[in-house]
Amino acid sequence: MKNIKHLKCLLCGKKYRTDDVRYTCPDCGNNGILEVVYDYDKIKTEFSKDLLSKNINFSMWRYLPLLPLDGLEKASPLQVGWTPLYEAKRLRGKLGVNSLWIKDDGRNPTASLKDRASSIAVVKAQELGENIITCASTGNAASSLAGISASLGLKNFIFIPERAPQAKVAQLLVFGATVFAVKGSYDDAFALSIKATEVFGWYNRNTAFNPYMVEGKKTVALEIAEQLNFDIPDYVFVSVGDGCIISGIAKGFYDLLSLNFIDRVPRLIAVQAMGCKPIVDAVNGDGIVRFVKPNTIADSIAVGIPRNGTMAVRDIRNSNGFGVAVEDSEILDAIKLLGSTEGIFAEPAGATGFAGYLKSLREGLVSPRDKVVILVTGNGLKDIESAMKIGGKTIPVEPNMDSLQEIILKEGIES
Ligand SMILES: *Cc1c(COP(=O)(O)O)cnc(C)c1O
Ligand SMILES: [Zn+2]
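Residues numbered from 1 in each chain as written. Chains lettered and ligands numbered in written order. Predicted model: local features only at pLDDT ≥ 70, side-chain atom pairs only at ≥ 80, totals over all residues. Heavy atoms only, no water.

**Here we look at the nonpolar core**
(1) Moving on: Of all hydrophobic cores here, the largest spans 90 residues; its most connected members are Phe47, Ile120, Ile158, Ile246, Ile249, Phe253 and Phe261.
(2) Moving on: Apart from residues no more than four positions distant in its own chain, Ile246 is found in contact with Val238, Val240, Leu268, Ile269, Ala270, Ala312 and Ile316.
(3) Moving on: Core analysis: the next-biggest nonpolar cluster, separate from the first, contains 35 residues, Leu91, Ile297, Leu332 and Leu337 among them. (Core = buried A, V, L, I, M, F, W, Y, C linked by side-chain atoms within 4.5 Å. Buried < 20%, exposed > 50% of the residue type's maximum accessible area, 1.4 Å probe, protein only. Contact = heavy atoms within 4.5 Å.)

**Structural notes on the packing of aromatic side chains**
(1) Moving on: Within the structure shown, the criterion is met by 15 aromatic pairs.
(2) Moving on: Where Phe159 meets Phe180, the ring centres are 5.2 Å apart and the plane angle is 25 degrees; that geometry is what we call stacked. Of the two residues, Phe159 is situated in strand S7 (residues 155-161) and Phe180 in strand S8 (residues 178-182); the sequence distance between them amounts to 21 residues.
(3) Moving on: With a centroid separation of 6.0 Å and 85 degrees between ring planes, the pair formed by Tyr186 and Phe190 is classed as edge-to-face. With Tyr186 and Phe190 both in helix H7 (residues 186-200) and four residues apart, this pair spans about one turn of that helix.
(4) Moving on: These aromatic residues form a ring-pair network of at least three members: Phe157, Phe159, Phe180, Phe200 and Trp202.
(5) Moving on: In this structure, Arg62 is placed above the aromatic ring of Trp82, and the distance from its NZ or CZ to the ring centre is 4.7 Å. (Phe/Tyr/Trp six-rings, centres within 6.5 Å; stacked < 30°, edge-to-face > 60°. Helix = DSSP H or I, 4+ residues; strand = E, 2+ residues; numbered from the N terminus. Lys NZ or Arg CZ within 6 Å of the ring centre and 35° of its normal.)

**What to know about the pattern of salt bridges**
(1) Moving on: Taken as a whole and assessed by the stated rule, the structure comprises 24 salt bridges.
(2) Moving on: Of the charged contacts in the structure, one is a salt bridge between Asp255 and Lys218, with a shortest N-O distance of 2.6 Å. On the criterion of sequence distance, the pair formed by Asp255 in helix H10 (residues 244-258) and Lys218 in the loop between helix H8 (213-217) and helix H9 (219-227) is long-range, its members being 37 residues apart. With respect to class, Asp255 is no different from Lys218; both count as buried.
(3) Moving on: One salt bridge in this structure joins Asp231 and Lys371, with 3.6 Å as the shortest N-O distance. Of this pair, Asp231 sits in the loop between H9 and strand S10 (235-239) while Lys371 sits in strand S13 (residues 371-376), placing them 140 residues apart in sequence.
(4) Moving on: Judged by its relative accessible area of 46%, Asp231 falls in the partly exposed class.
(5) Moving on: Within the structure, one salt-bridge network assembled from shared partners comprises Lys103, Asp105, Arg116 and Glu223. (Salt bridge = Lys/Arg side-chain N within 4 Å of Asp/Glu carboxyl O.)

**Some details on unusual backbone geometry**
(1) Moving on: Even without glycine at this site, Ala111 takes up a positive phi of about 75 degrees.
(2) Moving on: Of the residues examined, Ala111 reaches a relative accessible area of 15% and is grouped as buried.
(3) Moving on: Although it is not a glycine, Phe230 sits at a positive phi angle of roughly 65 degrees.
(4) Moving on: Following the sequence through the fold, Phe230 ends up in the loop between H9 and S10.

**Comments concerning the sheet that holds strand S1 (residues 4-9)**
(1) Moving on: One open sheet holds the three strands; their spatial order is S2-S1-S3, and the pairing between them is antiparallel. Of all strands in the sheet, those bounded by a partner on one side alone are strand S2 (15-16) and strand S3 (34-38).
(2) Moving on: Here S1 pairs with S2 via two bridges, running antiparallel. Its bridge partner being in S2, Leu7 is matched across the sheet by Tyr16. (Pairing = 2+ DSSP bridges.)

**Notes on a nonpolar patch on the surface**
(1) Moving on: On the surface, Phe345, Leu381, Ile384 and Met388 cluster together into a nonpolar patch covering about 450 Å² of accessible area.
(2) Moving on: Looking at the secondary structure, you find Leu381 in the loop between S13 and helix H15 (384-387).
(3) Moving on: Note on Leu381: relative accessible area 58%, which makes it exposed. (Patch = residues over 30% accessible without salt bridge, like charges linked within 9 Å, V, L, I, M, F, W, Y side chains within 5 Å. Areas by Shrake-Rupley, 256 points an atom, 1.4 Å probe, with all protein chains shown as cover.)

**A closer look at the coordination of the zinc ion (ligand 2)**
When a metal holds four donors in a tetrahedron, each ideal angle between them is 109.5 degrees; when it holds six in an octahedron, the ideal angles are 90 or 180 degrees.
(1) Moving on: The zinc ion (ligand 2) binds to the protein through Cys9 (SG), Cys12 (SG), Cys25 (SG) and Cys28 (SG), with metal-donor distances spanning 2.3 to 2.4 Å.
(2) Moving on: Classification of the site at the zinc ion (ligand 2) rests on its four donor atoms, whose angles at the metal span 106 to 113 degrees, yielding the label tetrahedral.
(3) Moving on: The buried category is assigned to Cys25, whose relative accessible area is 1%.
(4) Moving on: With a relative accessible area of 27%, Cys28 lands in the partly exposed category. (Donors = N, O, S within 2.8 Å, 3.2 Å for Na, K, Ca; no water. Tetrahedral: all angles 85-135°; square planar, octahedral: opposite > 155°, others 65-115°.)

**A few points about helix H5 (residues 140-150)**
(1) Moving on: Within H5, 10 of the 11 residues are buried, which leaves it mostly tucked inside the rest of the structure.
(2) Moving on: Among the residues making up H5, those that are buried are Asn140, Ala141, Ala142, Ser143, Ser144, Leu145, Ala146, Gly147, Ile148 and Ser149.
(3) Moving on: Residues of H5 that are buried in the fold lie against helix H4 (115-127), strand S6 (132-136), S7 and helix H6 (166-174).

**Quick look at the site of ligand 1**
(1) Moving on: Around ligand 1 sit 16 residues, and of these Lys114, Asn140, Asp242, Gly243 and Thr377 come closest.
(2) Moving on: At 2.8 Å, a backbone N or O of Gly243 approaches an oxygen atom of ligand 1.
(3) Moving on: A distance of 2.8 Å is found between an oxygen atom of ligand 1 and a backbone nitrogen or oxygen belonging to Ile245.
(4) Moving on: When ligand 1 sits alone it has 380 Å² of accessible area, and the protein chains cover 98% of it.
(5) Moving on: Considering only residue class, the shell around ligand 1 consists of five nonpolar, seven polar and four charged. (Near = heavy atom within 4 Å. Polar contact = N/O pair within 3.5 Å; in protein donor to acceptor, adjacent residues only side chain to side chain. Nonpolar A, V, L, I, M, F, W, Y, C, P; charged D, E, K, R; others polar.)

**Brief notes about the packing of H5 against H6**
(1) Moving on: In contact at an axis separation of 8 Å, H5 and H6 are set at 25 degrees when each is read in the N-to-C sense. As summarised for this structure, H5 and H6 are arranged roughly parallel, according to the angle between their axes. The two elements H5 and H6 meet at a crossing, and its hand is left-handed. Two secondary-structure elements touch here, H5 through Asn140, Ala142, Ser143 and Ala146 and H6 through Lys168, Gln171 and Leu172.
(2) Moving on: In terms of residue class, the contact of H5 with H6 is made up of three nonpolar, three polar and one charged. (Axes fitted to C-alpha atoms, helices over the stretch in contact; angles between N-to-C directions. Parallel < 35°, antiparallel > 145°, perpendicular 65-115°, else oblique. Left-handed = near helix turned anticlockwise from the far one by under 90°.)

Shown next, in the form of structure tokens:
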């Protein structure tokens, strides 16, 4: 790939040519995650703010020079990325804050940010001549991979925990994936998928294990920067499971810094559920990620063994960020507030970043004057069972005006 210098192991620092290794560092094993190192001097010759402003490709592919692909011939026709960044005026008013922005990545083709990574995976698989792609997923990475693969006629073998939300399973089945519902957790599904890759030789899209997934995810940061006219926010709040999205965001801002598009990076705030907060504890504590048994309604971030933990902790700390943990009840409240104030419907992990912001604001960790971007990572229709726990109920009525008027009077509803 023309703009890549090499892949570099996170643990031992050894460098590899892209042709020589597919997944992790052969010397360090599965924890030896490889980072893509670009030749920024070369990229500068074909990429500038001016060229970008004239680019009419409104998808993640507008950043092609910064991606690990040489062309788009093998890319999915689905539109991934260039999701809206909302000014959140009603929320600003309600919370009494000056500069709050919401990036709604639930607006991707399969309704989560994961499409940004899957779009890269399908191209990589085809480049290697593989037409079967596998992954382990709490749900979204899989449904994303399945949708993007379907658009290109590629096959998938998917490993999900048996308790994955039904909507995500429905997506998988509609997109035509072969789905193994693993009797265990996401962490068990991950282990099984790695073994299956070794035995069957399928192309593996697993987060962190595959070095190119962070590269896809970073496009959300490139968009945030461009949509804000490169006037960088003070904070970005991100829900964290494996820690790949937050490292992707760090990478995106780092790319822009290296190209002199921006002169500083925002503080990255990792938000996790109280019942599963290994990365938050590591960031706020001694930096070591200790495995936990997840217990949260936010299934997309119910990750007890974060695959990208080490890199995520490094990136959050380098940005001068911190970690926040929120109760499941706070996540549900955040879903409701976001939905009822801005018309944005998020799944539990999708609203967790917002819940972390609300808590940080209450506790004075951020000020009402700070410029803040909150990332919504997945759409609420992916998990309506959780949404229905928020409360509120429908009002049964006979199909005539008399009944309606009687109820309106009885319930004291303002009409
Ligand atoms: C995957 C996912 C996350 C967490 O991303 P990681 O890279 O695992 O940290 C957060 N929210 C949603 C909706 C997701 O699908
Ligand atoms: Zn190594």
